[in-house]
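# Close look at the chain arrangement
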Amino acid sequence: MYETFYQFSGQPFRLSPDHRFFFGSQAHRKALAYLRYGLSQGEGFIVITGPVGTGKSTLVAQLFAEIRQAPVVAAQISTTQVEADDAIRLVLAAFGVAPPQGDKASMLKAFETFLVQQHRAGKRVLLVIDEAQNLPRRTLEEFRMLSNFAVGGQALFQSFLLGQPQFNAVLADPDMEQLRQRVIASHALEPMTAQETRAYVEHRLRLVGWTGRPSLAEDLFPLVHEETGGVPRRINTVFSRLLLMGALEEREHLDAACARTVLDELRSELAESLDRAPARPAAAPEPAPADTALRDRLAHLQARVAAQ
């Protein structure tokens, strides 16, 4: 709606990742450089971590756009507690390889055949694994084993691991030593600074034809940065609602007062959604000492009866 009122060519603050809106903050440029470096190495793992909404998926979208014409077959999967036995099946599906009927060995053979075919065609295979912090240790080990496929000493398969900051604790586990040795670069993606927040907003607006309408007050950006912590997804949420309010009220100028109204509305909506959420069932109370003693006496009596 607001894009019609302000005559934009599209929605600049959509929540879904879109490489066309990629903004190169210092942290994002560095993270992208690590991904490019990893790709140039053609082996090992690259690890990118960052809080929810900091733009990890947009980074991948940007990388995929850059390598669209390169001899790289790339796929991305988002994981939610994928067990080790299902990992290879998930990988095959990501690359469009029909999993054979049979055991795990058959699926591994099918994947190896796929990798060799791509190698002979002069292509490399890259898998990006999102939400890596959810992977069980055995599944991570399974992905490490897949990186062993090679021909003439050249790796046939490479993975990038994206996750939330707690993934670093997973990697620090002593049992993950072999995987850590395969990580050739790691980067923690930080939120944007106050200056970058303003540049980010104006960058996305210009991409849809913004020429200063609506005008944005100087006091708007420090407030938005403070409230969002410089996290891109949060900024998108606030500015999308801010522009909607501006369009509904036919405003040509948006300032901190407008932003406060929107922020109050968002907080109120969040509180209402939490109130409507079903309450978790209460945990069963611990048995009282008397109940425990009674249970023990009954168990003892039953044992005596059974022994007679």
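So, here's what we can say about the structure. (Residues numbered from 1 in each chain as written. Predicted model: local features only at pLDDT ≥ 70, side-chain atom pairs only at ≥ 80, totals over all residues. Heavy atoms only, no water.)

Turning our attention to the overall build of the protein. Helix and strand counts for the protein stand at 13 helices and 9 strands. Per-residue burial over the protein gives 43% buried out of 308 residues. Within the protein, contacts between residues at least 6 apart in sequence are counted, and of these 77% link residues at least 24 apart. Put simply, the protein shows about 16,700 Å² of open surface, and 52% of that area lies on carbon and sulfur atoms. (Helix = DSSP H or I, 4+ residues; strand = E, 2+ residues; numbered from the N terminus. Buried < 20%, exposed > 50% of the residue type's maximum accessible area, 1.4 Å probe, protein only. Contact = heavy atoms within 4.5 Å. Areas by Shrake-Rupley, 256 points an atom, 1.4 Å probe, with all protein chains shown as cover.)

So, on to the sheet that holds strand β1 (residues 45-49). The parallel open sheet is built from 5 strands, whose spatial order is β2-β3-β6-β1-β7. The sheet terminates laterally at β2 (72-78) and β7 (183-188), the two strands that pair on one side only. Neighbour-to-neighbour, the strand axes of this sheet turn through a mean angle of 15°, independent of strand direction. Of the pairings in the sheet, the one linking β1 to β7 comprises 5 bridges and is parallel in character. The residue of β7 that forms the bridge with I48 is H187. (Pairing = 2+ DSSP bridges. Axes fitted to C-alpha atoms, helices over the stretch in contact; angles between N-to-C directions.)

What follows deals with the pairing of β1. Most of β1 is tucked away: 5 of the 5 residues are buried. Pairing analysis gives 5 bridges linking β1 to strand β6 (residues 157-163), with the strands arranged parallel. Within β6, the position partnered with V47 by the bridge is L161.

Let us look at the packing of helix α10 (residues 220-228) against helix α11 (residues 232-248). The description of two packed helices rests on the angle between their axes and on the distance between the axes. Here α10 crosses α11 at 135°, and the two axes come no closer than 9 Å. Accordingly, the angle class assigned to the pair α10 and α11 is oblique. α10 and α11 meet at a crossing whose hand is right-handed. Contacts between α10 and α11 involve L220, F221, V224 and T228 from the first element and R234, I235, V238, F239 and L242 from the second. By residue class, the composition of the contact of α10 with α11 is 7 nonpolar, 1 polar and 1 charged. (Parallel < 35°, antiparallel > 145°, perpendicular 65-115°, else oblique. Left-handed = near helix turned anticlockwise from the far one by under 90°. Nonpolar A, V, L, I, M, F, W, Y, C, P; charged D, E, K, R; others polar.)

For the rest of this paragraph, the subject is the side chain of R204. As for its position among the elements, R204 is in helix α9 (residues 194-206). No salt bridge is formed by the buried R204, whose closest oppositely charged neighbour, D18, lies at an N-O distance of 6.6 Å. A polar side-chain atom of R204 sits 2.6 Å from the main-chain carbonyl oxygen of P12. Ignoring any residue separated from it by four or fewer positions in sequence, one finds R204 in contact with P12, F13, R14, F21 and N236. (Lys, Arg positive; Asp, Glu negative; His and termini not counted. Salt bridge = Lys/Arg side-chain N within 4 Å of Asp/Glu carboxyl O. Polar contact = N/O pair within 3.5 Å; in protein donor to acceptor, adjacent residues only side chain to side chain.)

Counting 33 residues, the largest nonpolar core has F95, F111, L127 and F143 as its most contacted members. Of all the secondary structure elements, the ones that give two or more residues to this core are β1, β2, α4 (84-94), α5 (104-120), β3 (124-130), α6 (137-146), β6 and α7 (167-171). Core analysis: the second largest hydrophobic core is formed by 31 residues, Y2, L216, L242 and V262 among them. (Core = buried A, V, L, I, M, F, W, Y, C linked by side-chain atoms within 4.5 Å.)

Take the pattern of salt bridges next. Applying the stated criterion across every chain yields a total of 17 salt bridges. The salt bridge involving R241 is made with E269; its shortest N-O contact spans 2.8 Å. Taken together, the residues span a long stretch of sequence, with R241 in helix α11 and E269 in helix α12 (residues 256-276) at a distance of 28 residues. The partner of E249 in a salt bridge is R251, with the nearest N and O atoms 2.6 Å apart. Accessibility expressed as a relative area gives 31% for R251, which makes it partly exposed. Several salt bridges share partner residues, and in doing so they unite R198, E202, R206 and E218 into one network.

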